[in-house]
Amino acid sequence: MAKFAKPEKQAASVMKCLQGKGNVLESVGTVRNYESALRVAAAWAKENRIEGGLRGMSVEDAVRFLQERSTEVGQKTIDLNRQALQCMMQNVTHKLEANERLEMVQGIPQQLSSRVYTPEQVQAIADHQQPHNGLATEIAYATGLRASELLTLRPIEDRTPDIRLRDGVDRTLETKFTGREDSVAYTVHGKGGLIREVRIPTALADRLEATRLPEPKVIQDRGINRETWYGIGGGNAWSASVTRTSEKLFGWSHGAHGLRHTYAQERMTELRQKGLQEETAKETVSQEVGHFRPDITDTYLR
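Attention here is on the structure that accompanies the text. (Residues numbered from 1 in each chain as written. Predicted model: local features only at pLDDT ≥ 70, side-chain atom pairs only at ≥ 80, totals over all residues. Heavy atoms only, no water.)

1. Structural notes on the overall build of the protein chain
- Summing up its helical and strand segments, the protein chain has 13 helices and seven strands in all.
- In terms of overall dimensions, the protein chain is globule-like: its C-alpha atoms have a radius of gyration of 20 Å, near the 19 Å expected for 302 residues.
- In terms of overall dimensions, the protein chain has C-alpha extents of about 65 × 45 × 40 Å along its principal axes.
- When burial is assessed residue by residue, the protein chain has 49% of its 302 residues classed as buried.
- Considering only intrachain contacts with a sequence separation of at least 6, the fraction spanning at least 24 residues in the protein chain is 63%. (Helix = DSSP H or I, 4+ residues; strand = E, 2+ residues; numbered from the N terminus. Rg over C-alpha atoms; globule rule 2.2 N^0.38 Å. Buried < 20%, exposed > 50% of the residue type's maximum accessible area, 1.4 Å probe, protein only. Contact = heavy atoms within 4.5 Å.)

2. Remarks on the packing of aromatic side chains
- One pass over the structure, following the stated rule, counts four aromatic pairs.
- Aromatic pair Trp44 and Phe65: ring centres 5.7 Å apart, planes at 65°, arrangement edge-to-face. Of this pair, Trp44 sits in helix 2 (residues 28-47) while Phe65 sits in helix 4 (residues 59-69); the two residues are 21 residues apart in sequence, bridging distant segments of the chain. For the pair Trp44 and Phe65, one class covers both residues: buried.
- Taken together, the aromatic side chains of Tyr117, Phe250 and Trp252 make up a single cluster linked through ring pairs. (Phe/Tyr/Trp six-rings, centres within 6.5 Å; stacked < 30°, edge-to-face > 60°.)

3. Examining the state of the cysteines
- All told, the structure shown has zero disulfides when counted by the stated rule.
- A disulfide-free cysteine, Cys17 has its sulfur positioned 11 Å from the sulfur of Cys87, the nearest such atom.
- You can call Cys87 buried: its relative accessible area is 8%. (Disulfide = S-S within 2.5 Å.)

4. What to know about the pairing of strand 7 (residues 224-230)
- In the sheet, strand 6 (residues 212-221) pairs with strand 7 via six bridges, with the strands oriented antiparallel. Bridge assignment links Asp221 to a residue of strand 7, and that residue is Ile224. (Pairing = 2+ DSSP bridges.)

5. Observations concerning the side chain of Gln287
- One can find Gln287 in helix 12 (residues 278-288).
- A distance of 3.1 Å separates the side chain of Gln287 from the backbone nitrogen of Leu173, its partner in a polar contact. (Polar contact = N/O pair within 3.5 Å; in protein donor to acceptor, adjacent residues only side chain to side chain.)

6. Describing the packing of helix 11 (residues 258-273) against helix 12
- At a minimum axis distance of 10 Å, the contact between helix 11 and helix 12 shows a crossing angle of 140°. Considered as vectors, helix 11 and helix 12 are oriented oblique to each other. Judged by the twist between their axes, the crossing of helix 11 over helix 12 is right-handed. Residues Tyr263, Ala264, Arg267, Met268, Leu271 and Arg272 of helix 11 form the contact with helix 12, whose participating residues are Glu278, Ala281, Lys282, Thr284, Val285 and Glu288. (Axes fitted to C-alpha atoms, helices over the stretch in contact; angles between N-to-C directions. Parallel < 35°, antiparallel > 145°, perpendicular 65-115°, else oblique. Left-handed = near helix turned anticlockwise from the far one by under 90°.)

7. Notes on the nonpolar core
- The biggest cluster of nonpolar side chains holds 30 residues, and the ones touching the most others in it are Leu38, Leu54, Met57, Leu85 and Met88.
- Within the residue set of this core, elements represented by two or more residues are helix 1 (7-19), helix 2, helix 4 and helix 5 (75-91).
- Once residues lying within four places of it in the same chain are set aside, the contact partners of Met57 are Ala41, Trp44, Ala45, Ile50, Ala62, Phe65, Leu85, Met89 and Lys95.
- In this structure, Ile125, Ile139, Val188 and Trp238 belong to the second largest nonpolar core, which totals 26 residues. (Core = buried A, V, L, I, M, F, W, Y, C linked by side-chain atoms within 4.5 Å.)

8. Some points on the environment of Val63
- On the secondary structure map, Val63 appears in helix 4.
- Once the C-alpha coordinates of Val63 and Leu102 are considered, the two residues, 39 residues apart in sequence, prove to be 7.2 Å apart.

9. Focus: the packing of helix 7 (residues 131-143) against helix 9 (residues 202-209)
- At their nearest, the axes of helix 7 and helix 9 sit 11 Å apart, and the two run at 145° to each other. Once helix 7 is placed against helix 9, the crossing between them reads as left-handed. Mapping the contact onto sequence places Leu135, Glu138, Ile139 and Ala142 in helix 7 and Leu204, Arg207 and Leu208 in helix 9.
- For the contact of helix 7 with helix 9, the class distribution of residues is five nonpolar, no polar and two charged. (Nonpolar A, V, L, I, M, F, W, Y, C, P; charged D, E, K, R; others polar.)

Now the structure itself:
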């Protein structure tokens, strides 16, 4: 497995090159902001096993990073991320010409910074979708899965979850899925190639198993081939269905990613009621949704 320098070291290296190119950077503030933005991009490159890390990112990688980032942050932050990567690709890695620009990506609109659906709204969306998409919506709401992860569901007996280590110690918390014991264990293939355990409520798992395919089929989602074993929605097609249905029903949409926000907020409430300390609850939720940083949970609690 390729070794990656720490994100802050990668970002600092790029910034040193940029600062050596005369008036490329306008101010000390720009230097500070770009370096912060590039640290986030470097962490994403490491998580996604991009060969060469931050400097190895292609234009396509940069756009994919911005698209994923856009589900979590507002327009101002997305624009800063794009400008920092664009500057690096024009002046350091030379993957863009001086007059070329990275694709504009829309972040979370300010008025939608809270992206939570009520349980009644989720059920209404599911009821008005085609059955395969409706079931996927109910599962996403109950598990906090990403759109792409729905396509990768497998029973835990069929695939062993990965272990995340810190200083040689398993970082997985025993508090994961506390209060969700009436459930069936599955795995999904998440960001960065991480295979993680998820729990689907038993009644939903029964409905999922009724759609199991005799043989897996390959679905192309956003240019990536994914092997799926169930006849449910997922990926970009399902995500678009959630948005269309919500807009038709309510005149607005928080997008499919809003279901992850809803899951995180409901789980935080459950875990607090179980007596977990705030930081433990945050880290528990972060692991359940496929992160290992408790601070990322704050993104979902707005």
